[in-house]
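Listed below are the residues making up each chain.
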Amino acid sequence: MGPKVAAACRFVERGGRRAAITSLDRITDAVRGKAGTVVEPEERTGAGGRPPGG
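Okay, so let's go over this structure.

Rules behind the numbers
- Residues numbered from 1 in each chain as written.
- Predicted model: local features only at pLDDT ≥ 70, side-chain atom pairs only at ≥ 80, totals over all residues.
- Heavy atoms only, no water.
- Helix = DSSP H or I, 4+ residues; strand = E, 2+ residues; numbered from the N terminus.
- Buried < 20%, exposed > 50% of the residue type's maximum accessible area, 1.4 Å probe, protein only.
- Contact = heavy atoms within 4.5 Å.
- Areas by Shrake-Rupley, 256 points an atom, 1.4 Å probe, with all protein chains shown as cover.
- Patch = residues over 30% accessible without salt bridge, like charges linked within 9 Å, V, L, I, M, F, W, Y side chains within 5 Å.
- Salt bridge = Lys/Arg side-chain N within 4 Å of Asp/Glu carboxyl O.

## Focus: the overall build of the chain
Phase 1: Along its length, the chain carries two helices and two strands.
Phase 2: Each of the 54 residues in the chain was classed as buried or not, and the buried ones make up 13%.
Phase 3: Across the chain, contacts joining residues at least 24 apart in sequence account for 16% of those joining residues at least 6 apart.
Phase 4: Summed over its atoms, the accessible surface of the chain is roughly 4,500 Å², and 50% of this surface lies on carbon and sulfur atoms.

See the structure below:
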């Protein structure tokens, strides 16, 4: 795993909501989710795809 991806994963695993890896000239699109590589936490679900306690 490349160092940028590893750092993005660590950031999200430690509580960050979202990390984007992109070039500076595409940062606006990356913030909107239209460019780059985005790392977000997995949605946790319980049995049957329902959120825990739901």
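## A word on a nonpolar patch on the surface
Phase 1: A contiguous nonpolar surface patch, about 330 Å² in accessible area, is contributed by Leu24, Ile27 and Val31.
Phase 2: With respect to the secondary-structure elements, Ile27 resides in helix H2 (residues 27–31).

## Some thoughts on the pattern of salt bridges
Phase 1: All chains considered together, the criterion is met by two salt bridges.
Phase 2: Between Glu40 and Arg18 there is a salt bridge; the shortest N-O distance is 3.5 Å. Of this pair, Glu40 sits in the segment after strand S2 (37–39) while Arg18 is found in the loop between helix H1 (3–13) and strand S1 (19–21), placing the two residues 22 residues apart along the sequence.
Phase 3: Residue classification places Arg18 among the partly exposed residues on the basis of a relative accessible area of 32%.

Nothing here speaks to function; it is geometry throughout.
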